[in-house]
Amino acid sequence: MSAALHLVVTLAICAVAAHSLVRARWVWWTPGTGIALWQMLAATWVLSLAGVLITAGLDPYEAPIPRALSAWASDPLSTATQDALVVSGLAVPALFVAVLISSWAGVARIRRRHRDVLALVGRTDEAAPGALVVDHPAAVAYCLPGTPSSVVLSTGALRSLSTAELHAVLAHEHSHARERHDLVLLPFVALRRCAPRVADAVALLVEMRADDRACRDHGPDALISALHRFTAGPPAGALGITAASARLERIANRTGASAWQRWTALVSGLTLVSTPLSFLVL
């Protein structure tokens, strides 16, 4: 059972790491690294959970997983417990993929309906190049991801934003579209019911990543003043700019994570991912 025990320990490490990462502030200064670490933790958790079940069920064969699976499939004397463990382990990644597909299909339907509405009510405006403008008194700005993606502004946003603020907001939203942040968020949105704090932490890092692009292109002052004007959130299926105290604090006190923090995080994440892979593949 040594392989299963190793994977149980890996699952425990993932739980501790996720708890720490939700509360961590250093990832605010390097959101790209934080997002990558969350993705590696999620992959490690799924692979380790599947690995615990599979290795426990195949333990009597005392062989690497690929050979043990072949032996189990051709063994008429395998027990019901073994069969249940192996089948459950194989079902874990399949279920995860099914949840992702279901979540993506649901979001895609919402976005398709939203695009149909935008085709009717959206219009272009020289003041907001590359964006669609809709008539609404509240200040709203969001990106509707997909192919093609759309950046949407309300007339309330156009009236309340200065030229510099408007350009910062557009840079923020175009960053969501260009880097496909909707795909980054998809696994965590799909698992929101069982890990809401994780989903919120990743969503915040995605917004911070887009903030970095806006600050780099147009300076932090324009983005800070623009954020104060947004109170309404984006519609379902969209990524939108909203004011958040954490983001405002970060932009006002911009700094960077040290190189050793970034590399330590990435190496640790890769080490975690390689642990279940080493048992499942080799």
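Just so you know, these numbers come straight off a predicted model, no measurement behind them. (Residues numbered from 1 in each chain as written. Predicted model: local features only at pLDDT ≥ 70, side-chain atom pairs only at ≥ 80, totals over all residues. Heavy atoms only, no water.)

1. Observations concerning the overall build of the chain
Note the cut-off: Under the DSSP-based scheme used, a helix requires at least four consecutive residues in state H or I and a strand at least two consecutive residues in state E, with every element numbered from the N terminus. Summary of the burial criterion: residues with accessible area below 20% of their type's maximum are buried, those above 50% are exposed, and those between are partly exposed, where the area comes from a 1.4 Å probe applied to protein chains only. Computed with the Shrake-Rupley method and a 1.4 Å probe, the accessible areas treat only the protein chains shown as cover for residues. Working convention for charge: Lys and Arg count positive, Asp and Glu count negative, and His plus the chain ends are omitted. Note on charges: their place is set at NZ of Lys, CZ of Arg, CG of Asp or CD of Glu.
Within the chain, the regular secondary structure consists of 11 helices and 4 strands. Along the three orthogonal principal directions, the C-alpha set of the chain runs to about 75 × 45 × 25 Å. Sorting the 282 residues of the chain into buried and exposed places 44% on the buried side. Carbon and sulfur atoms make up 63% of the accessible area of the chain, which amounts to about 14000 Å² in all. Averaging the coordinates of the 23 positive side-chain charges in the chain and doing the same for the 19 negative ones gives two points 2 Å apart.

2. Quick word on the pairing of strand β3 (residues 150-154)
Applied cut-off: Here, a strand pair is defined by DSSP locating no fewer than two bridges between the strands.
Burial analysis of β3 places 5 of its 5 residues in the buried class, the great majority of the element. Where burial is concerned, the two faces of β3 agree: the one with S150, V152 and S154 and the one with V151 and L153 are both buried. Bridge count between strand β2 (residues 141-144) and β3: 4 bridges; the pairing is antiparallel. Residue pairing in the sheet places Y142 in a bridge with V152 of β3. Linking β2 to β3, which pair antiparallel, is a turn of 5 residues; within it G146 sits at a positive phi near 135°.

3. Some words on the pattern of salt bridges
Note the threshold: Just to be clear on terms, a salt bridge is a Lys or Arg side-chain nitrogen sitting within 4 Å of an Asp or Glu carboxyl oxygen.
Under the criterion given, the structure shown has 9 salt bridges. In this structure, the salt-bridge partner of R123 is D125, at a minimum N-O distance of 3.5 Å. Take R123: its relative accessible area is 34%, and that puts it in the partly exposed class. The shortest N-O distance in the salt bridge between R180 and D182 comes to 2.7 Å.

4. Structural notes on the pairing of β2
Going residue by residue along β2, you find A141 and C143 tucked away on one face and Y142 and L144 tucked away on the opposite face as well. Bridge analysis of β2 against strand β4 (residues 239-240) gives 2 bridges, and the strand direction is antiparallel. Paired with C143 across the bridge in β4 is L239.

5. Remarks on the packing of helix α8 (residues 196-218) against helix α10 (residues 245-252)
Rule in force here: Convention adopted: a line fitted to C-alpha atoms gives each axis, helices being fitted over their contacting stretch, and angles between N-to-C directions are expressed from 0 to 180 degrees. Left-handed is the label given to a crossing in which the near helix is rotated counterclockwise from the far helix by less than a right angle, and right-handed is the label when the rotation is clockwise. Contacts: residue pairs with any heavy atoms within 4.5 Å of one another.
α10 packs onto α8 with a crossing angle of 35° between their chain directions and a minimal axis gap of 11 Å. For the crossing formed where α8 meets α10, the hand is right-handed. Taken together, the residues of α10 that come into contact with α8 (itself represented by L204, E207, M208, D211, D212 and C215) are A246, R247, R250 and I251.

6. Notes on the environment of A214
Among the structural elements, A214 can be located in helix α8. Between the C-alpha atoms of A214 and W263, which are 49 residues apart in sequence, the distance is 25 Å.

7. A short note on the side chain of T10
As for its placement among the helices and strands, T10 is situated in helix α1 (residues 2-23). With residues near it in sequence (within four places) discarded, T10 still touches T44, S48, L272 and T275.

8. Topic: the side chain of D212
Heads up, the rule is: Pairs of N or O atoms within 3.5 Å make up the polar contacts considered here, provided that, within protein, one atom can donate a hydrogen while the other can accept it, and that residues adjacent in sequence are counted only when both atoms are side-chain atoms.
Within the secondary structure, D212 sits in helix α8. There is a polar contact of 2.7 Å between the side chain of D212 and the side chain of R250.

Just geometry here; none of it tells us what the structure is for.
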